[in-house]
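Commentary on secondary and tertiary structure
For reference, the chains in residue letters:
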Amino acid sequence: MEAANPPRYSTLSLDPLPLYPAPDDFDISSLDRPRPGERESLQAFDFCIEKNTNSAGDSYPWATLRLFSTVPAALQRPRYIGGENIKGSVMLNLKRPRTVTSIAVLLRGRMVTSSLSEGSHTFLEVVHPIWSKTSAAGPTSSATGKLQGFFEWPFSFPFPVEIRSTPSSASKRNISTITQGTGETGTYLTPQTVLERGVNANVTYEVVLKITTAGLLNTKHRAIANVLYIPLIRPPSLGPLRAGAYVSEAPLLGPEQDPAGWQEIARMELRVSESSKGGFDPIAIDVECTAYISNPTTYTRGTAIPCYLICKNTHVARASGHSRLSSTLLAAFAKQQCVSLGLTQRIQYHQDPRQALSAKFGSDFKAGGSRDERARSTDACGEAVWWTPRDVSGRPFDLEGEIHLDVGHLPTCDTPFLQVSHAVTVSIKSSPDLDVSLVPQTSRIMAHGRRGSAASVLTSSSTIEPLVEFPVRIATAHAKQGPVPTPFTPPPPRKLKDGSRVQDVQYFQTVTMG
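Computed from a predicted model, the values in this text were never measured in an experiment. (Residues numbered from 1 in each chain as written. Predicted model: local features only at pLDDT ≥ 70, side-chain atom pairs only at ≥ 80, totals over all residues. Heavy atoms only, no water.)

A few words now on the overall build of the protein. Helix and strand counts for the protein come out as two helices and 24 strands. A total of 514 residues make up the protein; the buried ones form 47% of that total. When contacts within the protein are restricted to residue pairs at least 6 apart in sequence, long-range pairs at least 24 apart make up 73% of them. With an accessible surface of roughly 25500 Å², the protein has 50% of that area assigned to carbon and sulfur atoms. (Helix = DSSP H or I, 4+ residues; strand = E, 2+ residues; numbered from the N terminus. Buried < 20%, exposed > 50% of the residue type's maximum accessible area, 1.4 Å probe, protein only. Contact = heavy atoms within 4.5 Å. Areas by Shrake-Rupley, 256 points an atom, 1.4 Å probe, with all protein chains shown as cover.)

Here you go:
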């Protein structure tokens, strides 16, 4: 720590913290390239144990856990990013001799789904010893471990970027740790802190100062610091043509000019006709719509997902001689934006997260005959805004757009006890002037969290269910190299979740056959 930039100090032992962190508290998208006006500084946060009293009868902290963290000025708690160390010091201020047996700092991660005992699971625990009577590295008044005066022990240890899941038989406390275990193990990216309104699944982290003192009975004293954690997830570098467009502030090239820069997610044949409310036989055309999103399909929150829609009139289904009317109909179809692309976020978790130790999420569990109850909540996170591309290459009916990604979106996560997945959906929007229906055919569907093929035959023109779900990944930081993707339209107003409303949650029950 440089003397020229001393940390700002904050004592939080008695100050109440907001229950839900602000979305901006998790924004590290500008980690490598700070935006104008943004300022982060090294701050010191103190968490105290206050039980001693002085001659005047006032209490004072006899033990303090001090944590250093580089955070925005408005952030009221320590925050750690994947790859950082937890740095700080432990301070004792003992006016009278006190027998101390041991001092340790613990990092603990928990998954909490309810206030019941089975609704809490400690998936991460790291113990960092500070001082012990048996191996005293600091001054003591005697071999008994009595301490008096002021002592300070600095410490630094890494915040694990991965966790290791072990079978429940490997640990009586069902703790997944980074230490070497026995039996089968799986390694997973350490999940972000999750404290979301309307989601009954919290991921919390705390740094604990634990001091054991001796007397008639051994007594354990604790100071607990609730901290935020954000995994460092970066997307791959952009392709050369898309990167060049951002550098020169030019429009993105379409899928035909830059095929490597786009990923086809849906190819649909739609029947489009004028509304038949007037009672006459309307003209109808068949339109082939191909939906694309940009490659690579990992996007940093706070940016946008570029989208592209190519619309072609394959043939006139009725009144084939009305070519002018069919062009007018195709133009109306494009103008009214009857095809919608959106982003959904799905959170899946175990009601009893301890059951997730023996297998990956969604797999059968080894406890014969046990029933696993899982919950799933799905949230629509955004919808594409469209405009006519600047270079239409002779096709005036194509559409270019983007889906804005709020900085408050959870990053993609896949652990045995919590799964956060994202998908770009393709659906048909209703129109007051047009009837739009999907021509029955076998379609490829991409589901949340996996890439697979399945038969899907949809014939309803009024369905609001997505026709396609294509999995994408949401990252927390920008790529190491290359320009930052720039949205072309202003982001929509942020939608605040209503914490007073009960969210519908779907439950799944899986019975394991012995």
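This part is about the confidence of the model for the protein. Per-residue pLDDT for the protein averages 78, and the proportion of residues at 70 or more is 71%. Averaged over each element, pLDDT in the protein is lowest for strand β24 (residues 506–511) (36) and highest for strand β14 (residues 298–300) (97). Note on residues 11–18: pLDDT is under 50 here. Beyond four places in sequence and across chains, it has 16 contacts. Scored below 50 in pLDDT, residues 358–371 makes 32 contacts in the model with residues more than four places away or belonging to other chains. (pLDDT = per-residue confidence, 0-100.)

Once that is clear, we can look at the environment of W62. For W62, the position within the fold is in strand β3 (residues 59–72). For the pair W62 and E50, spaced twelve residues apart in sequence, the C-alpha separation works out to 6.1 Å.

Let us now look at the pattern of salt bridges. Under the criterion given, the structure shown has eight salt bridges. Between E206 and R108 there is a salt bridge, and its shortest N-O distance comes to 3.2 Å. Here E206, found in strand β10 (residues 202–213), pairs with R108, found in strand β5 (residues 85–112); they are 98 residues apart in sequence, far enough to count as distant. Given the relative accessible area of 13%, E206 is considered buried. Since its relative accessible area comes to 17%, R108 is described here as buried. Here R267 makes a salt bridge to E264, at a shortest N to O gap of 2.9 Å. For R267, a relative accessible area of 43% translates into the label partly exposed. Residue classification places E264 among the partly exposed residues on the basis of a relative accessible area of 32%. One network of salt bridges, in which partners are shared, links R108, E125 and E206. (Salt bridge = Lys/Arg side-chain N within 4 Å of Asp/Glu carboxyl O.)

To describe a pair of aromatic rings, you give the distance between the ring centres and the angle between the ring planes. Throughout the structure, instances matching the rule amount to eleven aromatic pairs. Measuring from centroid to centroid gives 6.1 Å for Y80 and F159, while their planes differ by 35°, and the two rings are tilted. Taken together, the residues span a long stretch of sequence, with Y80 in strand β4 (residues 79–81) and F159 in the loop between β7 (146–158) and β8 (162–165) at a distance of 79 residues. Of the two residues examined, Y80 and F159, each falls in the buried class. A centroid spacing of 6.5 Å and a plane angle of 40° characterise the contact between W131 and W153, whose relative ring orientation is tilted. (Phe/Tyr/Trp six-rings, centres within 6.5 Å; stacked < 30°, edge-to-face > 60°.)

Once that is clear, we can look at the nonpolar core. One finds L65, L67, L92, I103 and L418 to be the most contacted residues of the largest nonpolar core, which totals 57 residues. At nine residues, β5 tops the list of elements feeding residues into this core. For L92, the contacting residues outside a window of four places in its chain are W62, A63, I103, L147, G149, F150, F151, W153 and I211. (Core = buried A, V, L, I, M, F, W, Y, C linked by side-chain atoms within 4.5 Å.)

In regular strands, side chains alternate between the two faces of the sheet. With ten of 14 residues buried, β3 is to be regarded as a mostly interior element. For β3 and β5, the ladder comprises six bridges, and the chain directions are antiparallel. What sits directly across from F68, in β5, is K87. (Pairing = 2+ DSSP bridges.)

Our focus in this paragraph is the side chain of Q192. With respect to the helices, strands and loops of the structure, Q192 is situated in the loop between β9 (186–189) and β10. Here R301 takes part through its side chain, which lies 2.8 Å from a polar atom of the side chain of Q192. (Polar contact = N/O pair within 3.5 Å; in protein donor to acceptor, adjacent residues only side chain to side chain.)

Our focus in this paragraph is the pairing of strand β23 (residues 468–475). Burial analysis of β23 places seven of its eight residues in the buried class, the great majority of the element. Bridge count for β14 against β23 is three bridges, and the pairing is parallel. When the bridges of β23 are listed, T300 appears paired with A475. Pairing of strand β21 (residues 418–428) with β23 involves five bridges; the strand directions are antiparallel. Across the sheet, T425 pairs through a bridge with E469, a residue of β23.

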